[in-house]
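Residues per chain, in single letters:
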Amino acid sequence: MAALGTEFGDLVQIKKQLISIISQCRERGLVHSVKWASELAFALDPLPVNEHPPPPDLTEEDAADFDALCLAKSYFDLKEYDRAAYFLRDCRSKKAYFLYMYSRYLSGEKKKDDETVDSLGPLEKGQVRNEALRELRVELSKKHIAGELDGFALYLYGVVLRKLDLLKEAVDIFVAATHALPLHWGAWLELCNLVTNIEMLKSLSLPECWVRDFFLAQMYTELQMITEALQKYQSLIEAGFSKSTYIISQIAVAYHNIRDIDKALALFNELREQDPFRIENMDTFSNLLYVRSMKPELSYLAHNLVEIDKYRVETCCVIGNYYSLRSQHEKAALYFQRALKLNPRCLGAWTLMGHEYMEMKNTSAAIQAYRHAIEVNKRDYRAWYGLGQTYEILKMPFYSLYYYRKAHHLRPNDSRMLVALGECYEKLNQHVEAKKCYWRAYSVGDVERMALLKLAKLHEQLHESDDAAQYYIIYIKDIFSCGEQLEHAEVSTALRYLGYYYYRKGMYDESSLCAQRCCDYNDARDAGKALLMQISATVRDQGELSPLEMSTPEVFAPLSNNNAATPIRRVSPLDLSSVTP
């Protein structure tokens, strides 16, 4: 095989390498790696007939095992794994050895799944193990020590170690597999699932190969380093993979992760136009439609996927989201359970099922589902966040705080995690920490526009009136600057507080203006009218005061600095003349 470099200048060479690895993976039954390489190859220009790479030369061992390998591969394709392994037991070639061991591994996995489908519900699935794993580990370990494992066998050895929860050893073996066979995407993907943070990623000694760029892009997405991931994918598009549906789908997932819903929806719609029978990633697409409450589009997607393949995990998740949007939570949970019967390691289904149990007030089942999600992937911030919410409902704030901290560590710039942390600190009377969290949530871009309101209310409760007024002013300006009325917006609460705040300060014009604005809101109308009458009475009583005594004080003259936890932004008095609710 030609030398592998990180440069993308020679797309013809990359195409040849892809065609070669497709053939090698297909011979070994590694269907997902075949699909990934085929999608990339399809995105590149076709090769002329004289440029196609020739098949690899047969060794004497390959020739001796050829008939047995062909027979065993036919049984393997029919999922008769024990039968395939039986006819490969005496073969000596590396290709036959891999298929022999892989057949035994898949046989064990199939028996494990068959054992769990009817006897246990999805919440107990993790208790059943593949009985073949220990034997496979012993045999592969001996071969590894003797240096007899090729790139494919190293990959299988890594999978066996991961299944046995020997994660540190598995990482080392997968790194060795990428060095032995850099084009095999399966090894990179397994490694991706085991890397837990950026420090661990930087410590890995990875081969210099163009596939590494795809791995890093995927890794950045998994580690929520979305800016870096998007830059990587953009460079891959510019390198010549602009037609790749794989890259489009990955960019769409990246936008979904940072909640840029419009861009993500646009990319998923483009993906469906290019590949209308695609099921992969459609569960993520349905999450976006769910968030936007796009019932007709979600219904169409669900019906469309049922027509294509109703027994796919993604289809079950889409249908579950559809029923959840219709508030039929029992049905939704049923479909997420169905998804988990098809694939017990489906992260999204565990998390979504936890959400449904929360809706049904079944907190113990929700906790169990979220814990399973974390077992599948410790980087799933949604499961940590869900656990935090569940324990918050159970009025166990110390537990909530632990899980919210985990979620915040994974999503340091997600305002929802910071607001949740602030609420926990507030319940635990750790007011300084709560203020820091609310201010940080506003600073990073408060998606729900709740942080300033909570910060103002906290200052109000602590009788820090100047600070409370300051944050209520910023809150009102922030709400109206976004150009849309938010359902939960408590502008009336802020106006009512500011009206009385200005009144106490003797700033009757500002107080009157706030009171008039209160009259525009049903829940604050009576308070507004009462304040206006109070102002009128006070002004009449003070009518004989000298102009000096009536002078308006500076609205936010030096604010009390009794709280260094949150930075105070000095702003001018609230100008409501241009604000129309």
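Reading guide: rules and limits
- Residues numbered from 1 in each chain as written.
- Predicted model: local features only at pLDDT ≥ 70, side-chain atom pairs only at ≥ 80, totals over all residues.
- Heavy atoms only, no water.
- Helix = DSSP H or I, 4+ residues; strand = E, 2+ residues; numbered from the N terminus.
- Expected span 1.5 Å × (residues − 1).
- Buried < 20%, exposed > 50% of the residue type's maximum accessible area, 1.4 Å probe, protein only.
- Salt bridge = Lys/Arg side-chain N within 4 Å of Asp/Glu carboxyl O.
- Axes fitted to C-alpha atoms, helices over the stretch in contact; angles between N-to-C directions.
- Parallel < 35°, antiparallel > 145°, perpendicular 65-115°, else oblique.
- Left-handed = near helix turned anticlockwise from the far one by under 90°.
- Contact = heavy atoms within 4.5 Å.
- Nonpolar A, V, L, I, M, F, W, Y, C, P; charged D, E, K, R; others polar.
- pLDDT = per-residue confidence, 0-100.
- Patch = residues over 30% accessible without salt bridge, like charges linked within 9 Å, V, L, I, M, F, W, Y side chains within 5 Å.
- Areas by Shrake-Rupley, 256 points an atom, 1.4 Å probe, with all protein chains shown as cover.
- Core = buried A, V, L, I, M, F, W, Y, C linked by side-chain atoms within 4.5 Å.

Student: Give me helix H11 (residues 211-222): which residues, what numbers.
Tutor: With 12 residues, H11 extends 17 Å between its outermost C-alpha atoms, agreeing within 8% with the 16 Å of an ideal straight helix rising 1.5 Å per residue. Counting buried residues in H11 gives 10 out of 12 residues, a clear majority hidden from the surface. Of all the residues in H11, the buried ones are Val211, Asp213, Phe214, Phe215, Leu216, Ala217, Gln218, Met219, Tyr220 and Thr221. Phi turns positive, to about 60 degrees, at Gln224, one or two residues after H11.

Student: Tell me about the pattern of salt bridges, and name the residues and values.
Tutor: As enumerated under the stated definition, the model contains 33 salt bridges in all. Residues Asp90 and Arg89 are paired through a salt bridge, measuring 3.9 Å at the closest nitrogen-oxygen approach. The class of Asp90 is exposed, set by a relative accessible area of 54%. Judged by relative accessible area, Arg89 falls into the partly exposed class, the value being 40%. Each of Lys35, Glu39, Asp275, Arg278 and Glu280 takes part in a single network of salt bridges with overlapping partners.

Student: Please give an account of the packing of helix H9 (residues 185-194) against H11 that cites residues and values.
Tutor: One way to put it is that H9 packs onto H11 with a least axis distance of 10 Å and a crossing angle of 25 degrees. The pairing of H9 with H11 is recorded here as roughly parallel in orientation. Read as a crossing pair, H9 and H11 show a hand that is right-handed. Contacts between H9 and H11 involve Trp185, Trp188, Leu189, Leu191 and Cys192 on the former and, on the latter, Val211, Arg212, Phe214, Phe215, Gln218, Met219 and Glu222. Among the residues making up the contact of H9 with H11, the classes are represented as nine nonpolar, one polar and two charged.

Student: Go over the confidence of the model for the protein with me, naming the residues and quoting the values.
Tutor: A low pLDDT means the predicted coordinates there should not be read in detail. Put simply, the protein has an average pLDDT of 86, and 88% of its residues get 70 or more. Confidence, read as mean pLDDT per element, is least for helix H30 (residues 547-550) in the protein (36) and greatest for helix H17 (residues 313-325) (96). Within the model, the stretch residues 1-6 combines pLDDT values under 50 with 20 contacts to residues more than four positions away or in other chains. Low pLDDT, under 50, characterises residues 544-572; the predicted model gives this stretch 52 contacts beyond four residues in sequence or across chains.

Student: Describe unusual backbone geometry, and please don't skip the residues or the numbers.
Tutor: The residue Lys79 is not glycine, and still its phi comes out positive at about 65 degrees. One can find Lys79 in the loop between helix H3 (60-77) and helix H4 (81-88). Positioned with a positive phi, Lys361 is a non-glycine residue whose angle comes to about 60 degrees. Within the secondary structure, Lys361 is located in the loop between helix H19 (347-359) and helix H20 (363-376). Looking at Lys361, the relative accessible area reads 66%, which means it is exposed.

Student: Let's hear about a nonpolar patch on the surface: which residues, and what values?
Tutor: A cluster of nonpolar side chains, Leu71, Tyr86 and Phe87, forms an exposed patch at the surface whose accessible area comes to about 270 Å². Considering the arrangement of structural elements, one finds Leu71 in helix H3.

Student: With reference to specific residues and values, describe the environment of Gly354.
Tutor: Of note, Gly354 is situated in helix H19. Gly354 sits 29 residues away from Ala383 along the chain, and the two C-alpha atoms are 8.0 Å apart. Those residues within four positions of Gly354 in sequence are excluded, and the remaining contacts are Ala366, Ala369 and Tyr370.

Student: Which residues make up helix H24 (residues 431-443), and what values do they have?
Tutor: Three or four residues apart is the spacing at which side chains of an α-helix point the same way, because the helix has 3.6 residues per turn. Helix length check: H24 (13 residues) gives 18 Å between terminal C-alpha atoms against 18 Å at 1.5 Å per residue, within 8%. Along H24, the residues that are buried comprise Ala434, Lys435, Cys437, Tyr438, Trp439, Ala441 and Tyr442. Taken together, the buried residues of H24 touch helix H23 (415-427), helix H25 (451-461) and helix H26 (465-481). Downstream of H24 by a residue or two, Gly445 has a phi angle that is positive, lying close to 105 degrees.

Student: Kindly report on the nonpolar core, identifying the contributing residues and their values.
Tutor: As a rule of thumb, nonpolar side chains are buried together in soluble globular proteins. Membership of the largest hydrophobic core comes to 184 residues, with the highest contact counts inside it found for Trp36, Tyr105, Trp210, Phe214 and Phe215. The residues contacting Trp36, other than those within four sequence positions of it, are Trp185, Trp210, Val211, Phe214 and Tyr246. Counting five residues, the second largest nonpolar core, distinct from the first, contains Tyr503, Ala515, Leu531 and Ile535.

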